[in-house]
Amino acid sequence: MRRPLMMISYTKEGARLCRRLKKQDLFSRCSIFVPEKYVEDGISALPVDVRAWISEEWGRSDFLFVCAAGIAVRMTAHCVNDKYNDAAVLVMDEKGQFIIPLLSGHVGGGVSLARAIGDSIGAIPVITTATDVREKFAVDVFAVRNHLVITDRDKAKEISAAVLSGHKIGIWIEPESEQEIRFTDVENRDTVLCRTLEEFRQYEYGVVVSRNRKEIGVLEEGKICCLHLAAGKLVFGIGCRKDISCEEIRSSVRECLNECGFSERQIGVVVSIDLKANEPGLCAYCEELHVPFITYSSGQLKETGEVSSSSSFVKQVTGIDNVCERAVRKYLMDHGSGALIQEKKCLHKMTVAIGCV
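Nothing here was measured: the structure is a model prediction, and the numbers come from that model.

Conventions and cut-offs
- Residues numbered from 1 in each chain as written.
- Predicted model: local features only at pLDDT ≥ 70, side-chain atom pairs only at ≥ 80, totals over all residues.
- Heavy atoms only, no water.
- Helix = DSSP H or I, 4+ residues; strand = E, 2+ residues; numbered from the N terminus.
- Buried < 20%, exposed > 50% of the residue type's maximum accessible area, 1.4 Å probe, protein only.
- Contact = heavy atoms within 4.5 Å.
- Areas by Shrake-Rupley, 256 points an atom, 1.4 Å probe, with all protein chains shown as cover.
- Lys, Arg positive; Asp, Glu negative; His and termini not counted.
- Charge placed at Lys NZ, Arg CZ, Asp CG, Glu CD.
- Pairing = 2+ DSSP bridges.
- Axes fitted to C-alpha atoms, helices over the stretch in contact; angles between N-to-C directions.
- 1 Å grid on protein atoms, 1.4 Å probe; cavity = no way out; pocket = protein on both sides within 12 Å on 5 of 7 lines; lining within 4 Å.
- Points joined across faces, edges and corners; volume = space filled by probe spheres on them.
- Nonpolar A, V, L, I, M, F, W, Y, C, P; charged D, E, K, R; others polar.
- Expected span 1.5 Å × (residues − 1).
- Polar contact = N/O pair within 3.5 Å; in protein donor to acceptor, adjacent residues only side chain to side chain.
- Phe/Tyr/Trp six-rings, centres within 6.5 Å; stacked < 30°, edge-to-face > 60°.
- Disulfide = S-S within 2.5 Å.
- Core = buried A, V, L, I, M, F, W, Y, C linked by side-chain atoms within 4.5 Å.
- Salt bridge = Lys/Arg side-chain N within 4 Å of Asp/Glu carboxyl O.

**Q** Just checking my understanding: could you explain the overall build of the protein for this structure?
**A** Along its length, the protein carries 14 helices and 17 strands. Viewed in the frame of its principal axes, the protein has a C-alpha envelope of about 65 × 55 × 30 Å. Burial analysis of the protein (357 residues in total) assigns 52% to the buried set. Residue pairs in contact within the protein that sit at least 24 positions apart in sequence constitute 63% of those at least 6 positions apart. Carbon and sulfur atoms make up 49% of the accessible area of the protein, which amounts to about 16,400 Å² in all. With 46 positive and 49 negative side-chain charges, the protein shows a separation of 3 Å between the mean positions of the two kinds.

Here you go:
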């Protein structure tokens, strides 16, 4: 599901274009913001501190600026982090002649959104990403379209560089995941969908789609680069201190995701112990992500067997020695598939663990 779209303009003509675009019904959730003097029904006034407002919405919303590109750059530059977590930022002139995805064109869907807007109002999308311009296979787009988790960002870059250098990419999809993959995304001149392991081994660069990392060691033998795309959504386990804020949780989660090469968009469920079922900050964060929040009793969490680390203090407070990792393991057990891809990790006021199903 796309994030809400914030449309921003500084002129009356731009406000009219935003209203026209909103009527196209391209977005499930969108809002228009303009200077106070151009406010009408259905259009809101821009906040006094636009940069601070964008900082608050960053990661929760995408942005379309109907104005000069320089304004869009200056308003968002302080928020830019990396393409896996940045908001999609687009800019369009007030006559609706051209639309440019400035940030998060692939993972954030900026390129596809620009094309959709262009088709709806007759604007020309100005696309600058190399894989799009040269109509090459883009592994990050393939991952997003098929709800796959990119487990190594450096390897994803290496695969993209190999494609642009003219190398063929071998793709191996485990049988259990085949029915979930759009094969039209891999049937092109840059990739070879391998039906046997022998065929896959012929290629120096490879992409493996599977639910579990265990078999990757065998598949990457002889490869210059072998990227694993995990099929499924992230299960995010959280243990936290009482009264932790939503902002503190968001910051720590993003820190962990950045290190692991994942995005908040890939979180499918948050899990914890039932003592945290009504923790305000944690509940608010799950509502912000629009994902279910599932909790388990200490007795249920004890069913998960061995974990990577234990805490006597946590056990004294909760009755269980490791909340985040056990919660993830419990979810995986209940669903009969998936894998733990990040053991317990200590962050500010909280611990996290990650699984994939």
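**Q** How should I be thinking about the sheet that holds strand E8 (residues 148-150) in this particular structure?
**A** Note: strands within a sheet are paired through backbone hydrogen bonds, in either parallel or antiparallel orientation. A sheet is described by the order of its strands in space; here five strands give the open sequence E8-E12-E11-E9-E10, paired in mixed fashion. In the strand order of this sheet, the two ends are held by E8 and strand E10 (191-193), each with one partner. Taking each pair of neighbouring strands and ignoring which way they run, the sheet shows an average axis angle of 25°. Across six bridges, the pairing between strand E11 (residues 205-210) and strand E12 (residues 225-231) is parallel. Bridge assignment links Val209 to a residue of E12, and that residue is Leu229. Against the sheet, helix H7 (residues 153-164) makes contact with E8, strand E9 (169-173), E11 and E12, and its axis sits at roughly 120° relative to E12, the strand it touches most.

**Q** Would you explain the layout of surface pockets in this entry?
**A** In this approach a probe as big as a water molecule rolls over the atoms, and the regions it shows empty are the leftover space. Taken as a whole, the second largest pocket holds about 470 Å³ of empty space. If you go around the second largest pocket, you meet 23 residues; those closest to its centre are Gly239, Cys240, Arg241, Phe313 and Val314. Secondary-structure elements contributing two or more residues to the lining of the second largest pocket are strand E13 (234-240), strand E14 (267-273), helix H13 (312-318), helix H14 (323-335), strand E16 (339-347) and strand E17 (350-356). In terms of residue class, the lining of the second largest pocket is built from eleven nonpolar, six polar and six charged.

**Q** What is the right way to read H14 from this model?
**A** In an α-helix there are 3.6 residues to a turn, and that puts residues three or four apart on one side. Here H14 contains 13 residues, and its C-alpha end-to-end distance of 18 Å stays within 8% of the 18 Å for a straight helix at 1.5 Å per residue. Along H14, the residues that are buried comprise Val323, Cys324, Glu325, Arg326, Ala327, Val328, Lys330, Tyr331 and Leu332. Two to three positions downstream of the cap, the backbone nitrogen of Glu325 sits 3.0 Å from a side-chain oxygen, assigning the N-cap of H14 to Asn322. Phi for Gly336, located one or two positions after H14, is positive at around 65°.

**Q** What is the right way to read the side chain of Arg250 from this model?
**A** Mapped onto the elements, Arg250 comes out in helix H10 (residues 246-260). With a relative accessible area of 13%, Arg250 lands in the buried category. Among the polar contacts listed, one links the side chain of Arg250 to the side chain of Glu288, at a separation of 2.8 Å. In this view, Arg250 contacts Arg60, Glu264, Tyr285 and Glu288; residues no more than four positions away in its chain are not counted.

**Q** Even after reading the chapter, I still don't get the environment of Pro4, so can you show me in this structure?
**A** Within the element layout of this structure, Pro4 appears in the segment before strand E1 (5-9). Sequence-wise, Pro4 and Arg74 are 70 residues apart; in three dimensions their C-alpha atoms are separated by 21 Å. Those residues in contact with Pro4 that lie beyond four places of it in its chain are Arg29, Arg60, Ser61 and Asp62.

**Q** I tried to follow the packing of aromatic side chains on my own but got confused; where do I start?
**A** Here the distance between the centres and the angle between the planes together describe a pair of aromatic rings. Following the criterion strictly, the structure yields five aromatic pairs and no others. For the ring pair Phe137 and Phe142, a centre distance of 5.8 Å and an interplane angle of 50° mean the geometry is tilted. Using a relative accessible area of 3% as the deciding quantity, one classes Phe137 as buried. Through a chain of ring-to-ring contacts, three or more aromatic side chains come together here, namely Phe33, Trp53, Trp58, Phe63 and Phe65.

**Q** Help me out: how do you make sense of the state of the cysteines in this one?
**A** A covalent bond between the sulfur atoms of two cysteines is referred to as a disulfide. Using the criterion set out here, one finds zero disulfides in the structure. Cysteine Cys79 shares no disulfide, and the gap to the nearest cysteine sulfur, in Cys67, comes to 15 Å. The thiol of Cys225 is not disulfide-bonded; the next cysteine sulfur, from Cys226, is found 7.2 Å away.

**Q** What is the right way to read the nonpolar core from this model?
**A** Considering soluble globular proteins, one finds that nonpolar side chains tend to be buried as a cluster. Within the largest apolar cluster, 27 residues are counted, with the highest numbers of intra-cluster contacts made by Phe236, Ile238, Val253, Ile267 and Met350. Secondary-structure elements contributing two or more residues to this core are E13, H10, E14, helix H11 (280-289), E16 and E17. For this core, the element with the most residues is H10, which contributes six residues. Filtering out sequence-adjacent residues up to four positions away, Met350 remains in contact with Ile238, Gly239, Cys240, Ile244, Glu248, Ile249, Ser252, Val253 and Lys345. Judged by nonpolar contacts, the second largest core, of 24 residues, contains Phe142, Ile150, Val163 and Ile171.

**Q** Got a minute to help me understand the pattern of salt bridges in this structure?
**A** Two side chains of opposite charge can pair, provided their charged atoms sit close to one another. Under the criterion given, the structure shown has 14 salt bridges. A salt bridge links Glu40 to Arg19; the nearest nitrogen and oxygen atoms lie 3.2 Å apart. Residue Glu40 is found in the loop between strand E2 (30-34) and strand E3 (44-45), and its partner Arg19 is found in helix H1 (residues 12-22); the two are separated by 21 residues along the sequence. Classification of Glu40 by relative accessible area gives partly exposed; the value is 44%.

Treat this as a map of the structure, not an account of what it does.
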